[in-house]
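# Topology and contacts: notes
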Amino acid sequence: MSKYNLTHLKELESEAIYVIREVFAQFEKPGILFSGGKDSIVVTHLARKAFWPARIPFPLVHIDTGHNFPETIAFRNDLAKEIGAELVVPLVQESIDKGRVREETGKDASRNWLQITTLLDAIEENGFDALMGGARRDEEKARAKERFFSHRDDFGQWDPKNQRPELWNIFNGKKNFGEHFRVFPISNWTEMDVWQYILSENIAIPSLYIAHNRDVIRRGGTWLPNSEFIKLREGEEIVNKKIRFRTLGDITITGGDESDADTLEKIVAEVAAARQTERGNRADDKRSETSMEDRKKEGYF
Amino acid sequence: MDNTYLDMELLRFTTAGSVDDGKSTLIGRLLYDSKSIFEDQLDQVETSSKKRGLDHTDLALLTDGLRDEREQGITIDVAYRYFATPKRKFIIADTPGHIQYTRNMVTGASTANLALILIDARHGVVEQTCRHSFIASLLQIPHLVVCINKMDLVDYSEEVFEKIKAQYESFAAKLDVHDIRFIPISALKGDNVVNKSEKMSWYQGSTLLYTLENIHIASDQNHIDCRFPVQTVIRPKQDEYHDFRGYAGRVAGGVFKKGDEVAVLPSGFTSKIQAIHTMTGEIDEAFAPMSVTMTLEDDIDLGRGDMIVRTHNRPDVSQEVDIMLCWFNQTGPMPRAKFTLMHASNEVKAMINKVQYKLDINTLHRNEEDLDIKMNDILRVSVRTTKPLMKDSYRKNRLTGSVILVDDATNETVAAGMII
């Protein structure tokens, strides 16, 4: 490669840092939507790089459904402390207690939809005008249509058919009072890019991504972790398996894969050989053909 | 585990075309043959195709993800697709060719190194071929690859290929593109896409994938004219960096080195680069498109919207600018309307003073009579700004030569333009 040429990972990194700095420059009160998953961890890492040697100028906003992996919460607290970032943790339980939302009932009840209300309320209460997330265009077909700077109206809704065109590296973050933006700095990254970047930058990730032994239940073609929120159905049994998670969502809806990948190098090799998409084990995406679009229009991440 | 993945380059290319010229088939083949389609995605697409009564697997359903797109079987918006081979990572901006075609094609083209143009061997060069090629030229995409597709339907005839090539070349003589390649392919049968065709031994050139993997893109960036638009100023509040005043931005052109004499525009003050910082340490030089933070030897009043350049090589600083404008919005501008013009990290108020001519993108004819601005129009206009722009011609630098216009009432991006 010639001297003045970046590798694709460096180019993606540089693009993401540029976008994050635009957010800082164009908005009054931006934040990072932090789920504890690898993508939002990478965005947080990039934000540190963007403003170094200054501290990261954004709070980490974590919508806490109460259905978390304990490992995720521990990781979140440690990271915020290490980088000196403020933590904002709106609770879904609080939205339920206040009567803003009602807990789902039925067989596949989850708190996935409920967090939309908690998120939108938190945006209003904290006055956030831009929230950055780790969504990537390659992970889901509705996300493939996302802009870097994605406008939300004063109801927090996304209008996918009326998005602003984005040309060169000019980002239009203009909005009216009460509206906000969702910004996706790693839009152009693939799952493979994320893992390669984590490996080459040696970024810490929750142990859940690494193969480990865990009590699990076979359900919906995947290994669902056993937890206090799960009720065994007829014919189901708890078994102990060596598994790892490719994505992290609520403990109630995130399935794991059997795996021996207990180092980052092995994970990268596993991702390279994977024949299933990473969200294939996410019950929240399986509700309908357009469930992600439907949730996004309402204000989902 | 080998590290080839860490040595890959990124190539961004754009495609455009109508529903039946085989574009989806071609993209599907590139994705499929490079193992970028997953089994559950393919299963889903197969199920959806059946549900729609199709007798083939419609790979467009992979990224036509919006409810309306799937229901109507059309692509509404630019779709981005990703694939990688051991040599390069590719980003495809797949742009639909109807309704807001200018907006979609221009958007996709704005970041592309290469445009893939598909011609149906049975029909030769058609209006849409010209339109797409012209936009590629207008947006200064450095490389054009013209795929003459469906060769299987014309008996893999060399004569047909040569005739279309000549037809295209005579049209392309009017364009400002310097690297055009022609490849006879059959996306459906796979000829010359990934593997060399056995049916076209008369073709001595490379396959499409080989071309995409090997075309020289390192010199697509401007490494001569140093331009550093300042995005923001970094002032840590920690004691150890008490006097640190860093200028954060992404190099838009040229190579900046520690110790270089630089000028700051528009003020004109000069200083020297004290250091170029990244979180992993200081570096000696920064080039496009790197995101870095610079410190200067002197304390200068400098902030977002300003530009750091070399003292002996400066952009034009002016409030009058001629622009090739692409109008995106459904409604044209009100007479004497004011806009916010965004350029690099700068923002100014602007007004269109004069429309010089409108360009017919199918014939390249300049229309000086009908100067009414409508959606999809491409026009040459003179614009006046309230504050000076530090500008280059778009030909010289795509990043310091491009602007967008934002309507202050609706906040919408209504137009994009290339500085002449």
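Numbering of residues begins from 1 in every chain and follows the order in which that chain's sequence is written. Going through the entries in the order they are written, you letter the chains from A and number the ligands from 1. Local features in this predicted model are restricted to residues of pLDDT 70 or higher, and side-chain atom pairs are both shown and tallied only at a pLDDT of 80 or more, whereas totals for entire chains, interfaces and linings draw on every residue. By convention in this description, side-chain values take in all heavy atoms of the structure and omit both hydrogens and water.

We now examine the overall build of chain B. By definition, any uninterrupted DSSP run of H or I lasting at least four residues is a helix, any uninterrupted run of E lasting at least two residues is a strand, and each is numbered from the N terminus. Counting its regular elements, chain B contains seven helices and 22 strands. Taken over the C-alpha trace, chain B has a radius of gyration of 24 Å; the compact-globule value for 420 residues is 22 Å, and the two agree within 12%. In terms of overall dimensions, chain B has C-alpha extents of about 70 × 65 × 40 Å along its principal axes. Note on classification: 1.4 Å probe, protein chains only; a residue is buried when its accessible area is under 20% of the maximum for its type, exposed when over 50%, partly exposed between these limits. Considering chain B as a whole, with its 420 residues, one finds that 60% of them fall into the buried category. We call two residues in contact when some of their heavy atoms are within 4.5 Å. Across chain B, contacts joining residues at least 24 apart in sequence account for 69% of those joining residues at least 6 apart. For the radius of gyration, the atoms used are the C-alpha atoms, and the globule rule reads 2.2 Å times the number of residues raised to 0.38.

The next subject is the pairing of strand 9 (residues 238-244) of chain A. Here, any two strands with at least 2 DSSP bridges between them count as paired. Where strand 7 (residues 212-219) of chain A and strand 9 of chain A come together, six bridges link them in antiparallel fashion. Across the sheet, Asp215 of chain A pairs through a bridge with Asn240 of chain A, a residue of strand 9 of chain A.

This part is about the domain arrangement of chain A. By a widespread convention, an interface's size corresponds to the accessible area lost as its parts come together. Residues and elements named next belong to chain A. Each domain of chain A was delimited in the assignment, giving domain 1 (8-190 + 289-298) and domain 2 (195-285). All the domain ranges listed were derived from an automatic or database domain assignment. Using C-alpha coordinates to define each centre, domain 1 is positioned 22 Å away from domain 2. Domain 1 puts 32 residues into the contact, and the matching count from domain 2 is 30 residues. Each partner contributes to the roughly 2500 Å² buried at the junction of domain 1 and domain 2, and carbon and sulfur atoms together form 58% of this total. Of all residues in domain 1, the largest losses of buried area upon contact with domain 2 belong to Lys38, His67 and Phe69, amounting jointly to 30% of the total for that side. When a carboxyl oxygen of Asp or Glu lies within 4 Å of a side-chain nitrogen of Lys or Arg, that pair is called a salt bridge. Joining domain 1 to domain 2, the criterion identifies two salt bridges. Between Lys49 and Glu201 there is a salt bridge, with the nearest N and O atoms lying 2.8 Å from each other. Of all elements in the fold, only helix 1 (8-26), helix 2 (38-51), helix 3 (70-83) and helix 8 (291-298) reach the threshold of two or more residues within the side of domain 1 that touches domain 2. With six residues, the single largest contributor to the side of domain 1 that touches domain 2 is helix 2. Once two parts are brought into contact, the accessible area they lose, counted with a 1.4 Å probe and summed over both, makes up the buried area.

On to the interface of chain B and chain A. On the chain A side, the residues contacting the 86 residues of chain B number 71 residues. The interface formed by chain B and chain A includes five salt bridges. Between Arg12 of chain B and Glu11 of chain A there is a salt bridge, and its shortest N-O distance comes to 3.5 Å. Identification of polar contacts relies on pairs of N or O atoms within 3.5 Å, with a donor-acceptor requirement for protein atoms, meaning one able to donate a hydrogen and the other able to accept it, and with residues adjacent in sequence counted only if both atoms are side-chain atoms. Applying the counting rule to chain B against chain A returns 28 residue pairs in polar contact (both at pLDDT 80 or more).

Moving on to the nonpolar core. Buried residues of nine kinds, namely Ala, Val, Leu, Ile, Met, Phe, Trp, Tyr and Cys, make up a nonpolar core once their side-chain atoms join them within 4.5 Å. Phe13, Phe134, Leu139, Ile148, Tyr168 and Leu208 of chain B are the most contacted members of the largest nonpolar core, which has 75 residues in total. Of the residues forming this core, the biggest block, six residues, is contributed by strand 4 (residues 114-120) of chain B. Setting aside its immediate chain neighbours within four residues, Ile148 of chain B contacts Ile119, Ala121, Phe161, Ile164, Lys165, Phe182, Ile183, Pro184 and Ile185 of chain B. Counting residues in hydrophobic clusters, the runner-up holds 68 residues, among them Val42, Phe58, Leu208 and Tyr209 of chain A.

Residues and elements named next belong to chain B. On domain assignment, one finds that chain B holds domain 1 (4-219), domain 2 (227-310) and domain 3 (316-419). Taking only C-alpha atoms, the centre of domain 1 and the centre of domain 3 are 30 Å apart. With 23 residues of domain 1 at the interface, the matching set in domain 3 holds 16 residues. Here domain 1 and domain 3 share an interface that buries about 1700 Å² over both sides, 62% of which is from carbon and sulfur atoms.

On to unusual backbone geometry, then. Across the junction of Trp52 of chain A and Pro53 of chain A, the peptide omega takes the value 5°, indicating a cis bond. For Pro53 of chain A, the position within the fold is in the loop between helix 2 and strand 2 (60-61). Residue Pro266 of chain B is reached from Leu265 of chain B by a cis peptide bond, and omega for that bond is 10°. Tracing the sequence through the fold places Pro266 of chain B in the loop between strand 10 (261-265) and strand 11 (270-278). Of note in the backbone geometry, Asn376 of chain B takes a positive phi value of approximately 75° without being a glycine. Looking at the secondary structure, you find Asn376 of chain B in the loop between strand 19 (366-367) and strand 20 (378-391).

Let's shift gears to the sheet that holds strand 7 of chain A. Pairing is antiparallel across the open sheet formed by four strands, whose spatial order is 8-7-9-10 (chain A). The open sheet is flanked by strand 8 (222-225) and strand 10 (257-258) of chain A, the only strands paired with a single partner.

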